[in-house]
Each structure stands twice: as C-alpha cells, then as structure tokens.
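Per-entry structural report
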Amino acid sequence: MATEHDIDPRAADDPRNVYPTDERFYASDRPEHVVLPEDRPRGGGPAAPVKHRGTWATVAMVAGIILLILAGIALFP
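Because the structure is predicted, anything quoted here is derived from the model rather than measured.

**Considering the overall build of the protein chain**
When helices and strands are tallied, the protein chain shows 2 helices and 0 strands. Evaluated residue by residue, the protein chain yields a buried proportion of 1% over its 77 residues. A total of about 7800 Å² of accessible surface is found on the protein chain, and carbon and sulfur atoms cover 63% of it.

**A word on a nonpolar patch on the surface**
On the surface, Met61, Val62, Ile65, Ile66, Leu67, Ile69, Leu70 and Ile73 cluster together into a nonpolar patch covering about 760 Å² of accessible area. Under the relative-accessibility criterion, Ile66 is labelled partly exposed at 46%.

The rules behind these values
- Residues numbered from 1 in each chain as written.
- Predicted model: local features only at pLDDT ≥ 70, side-chain atom pairs only at ≥ 80, totals over all residues.
- Heavy atoms only, no water.
- Helix = DSSP H or I, 4+ residues; strand = E, 2+ residues; numbered from the N terminus.
- Buried < 20%, exposed > 50% of the residue type's maximum accessible area, 1.4 Å probe, protein only.
- Areas by Shrake-Rupley, 256 points an atom, 1.4 Å probe, with all protein chains shown as cover.
- Patch = residues over 30% accessible without salt bridge, like charges linked within 9 Å, V, L, I, M, F, W, Y side chains within 5 Å.
- Salt bridge = Lys/Arg side-chain N within 4 Å of Asp/Glu carboxyl O.

So, to be careful, I would describe these as geometric facts and stop short of saying anything about function.
Spelled out as structure tokens, the structure:
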C-alpha cells in the first residue's frame, strides 16, 4: 500500500488529494465540549449474544404451516 488512502502514487502531489485522518473525520460533526456521550459510538464493544427461539417454538411453527396447507387443500380441492 503506497499511501494511507490508496491514492495513486502519480497523483500524490495533487492538492485535491488531501484527506483528514479518521480521528479528525469522525470528530468533525461533534462539538468541542460535548455534554452527552455519543449516541452511536464508533468502533464497537462486545455485542450481546443472539437469542434463538426454542426448539418447541420452531416445531409449532412448522406444524402450523403444514396444518394451514392441509386445511387449504381440504377446503379448496
């Protein structure tokens, strides 16, 4: 990687290719003396584990769909 932002080395001297650092870019929309914490923090901490439905709920859903199909076939032959 030639530069931090993958700029073509032939255009490195072009004054239009000036990019802020990540810290300056993300801080540009924040006031200097913030009172409230950021509502959508960048980066990330450990996420809560995903909770899956139980086995019985899945079985009941599949059985309900099968019963719905069978009832549709029986009522509209």
